[in-house]
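Structural overview for review
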Amino acid sequence: APAAQPLQTLPRGLALQLIVAGLVGLAAMLLSPRAPALEVPRVTPRRSALPWLGRYVACVVAYVLLYFVIGAVNFTFVTGSYYRSGVAGLVVPPPAIVLVVATIEGALFPIAVLPLLYVLRASRRERALIGGTSLFLLGGVVPLVVAPSLPLILRAFSCVEIFFQKFPAGIAAAHWLGPED
């Protein structure tokens, strides 16, 4: 994670994410076909609270495992030398910080994709593919695009890493938390 002083870079990072989210929302609004009203289906959950919680925790744990395993492979073979040499201000964060970041992301991503899963009129498989693609693009690729100071090779391999973290996480969220067909 880039940032030697995370509290100093947090406002800038949040502002960039807000700008990107606004631009993506504006593009979706402008490019989507006009409809008289959005028809949101009424969904009655078929699971009680405890199974929902268990499935949600499974999503979080799956993401944290993907984050560590895929991240460790990428760090070992590609990105580690960039972090260790401090390219573009990168530093190797302590494992505890990585765990906190992975857990927060793992907790937020399933919640972020949930409305999409319930509004889509698609098969379970299609919802899983769309959920995985959405997390990969919006939660992974877009933040890399707004980090132009990173070398292209680092962004390219980080993009591959992010795909193997976020795409399966979106599939897991669709499978475990999405509507049952």
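This text gives an overview of the structure that appears in the document. Since this is a predicted model, take the numbers as computed values, not measurements.

1. Topic: the environment of Arg84
Looking at the element boundaries, Arg84 is found in helix α2 (residues 49–85). Note on Arg84: relative accessible area 58%, which makes it exposed. Those residues within four positions of Arg84 in sequence are excluded, and the remaining contacts are Phe75 and Val92.

2. Brief notes about the pattern of salt bridges
Within the structure shown, the criterion is met by 1 salt bridge. One salt bridge connects Lys166 with Glu105, and the closest N-O pair in it is separated by 3.5 Å. In this pair, Lys166 sits in helix α5 (residues 152–177) while Glu105 sits in helix α3 (residues 95–119), placing the two residues 61 residues apart along the sequence. By relative accessible area, which is 3% here, Lys166 ends up buried.

3. A closer look at the packing of aromatic side chains
Here the structure, examined in full by the defined rule, presents 7 aromatic pairs. Relative to Tyr67, the ring of Tyr63 lies with its centre 5.7 Å away and its plane at 55°, an arrangement referred to as tilted. Here Tyr63 and its partner Tyr67 are both found in helix α2, 4 residues apart, which amounts to about one turn of the helix. By relative accessible area, Tyr63 is classed as buried at 1%.

The rules behind each value
- Residues numbered from 1 in each chain as written.
- Predicted model: local features only at pLDDT ≥ 70, side-chain atom pairs only at ≥ 80, totals over all residues.
- Heavy atoms only, no water.
- Helix = DSSP H or I, 4+ residues; strand = E, 2+ residues; numbered from the N terminus.
- Buried < 20%, exposed > 50% of the residue type's maximum accessible area, 1.4 Å probe, protein only.
- Contact = heavy atoms within 4.5 Å.
- Salt bridge = Lys/Arg side-chain N within 4 Å of Asp/Glu carboxyl O.
- Phe/Tyr/Trp six-rings, centres within 6.5 Å; stacked < 30°, edge-to-face > 60°.

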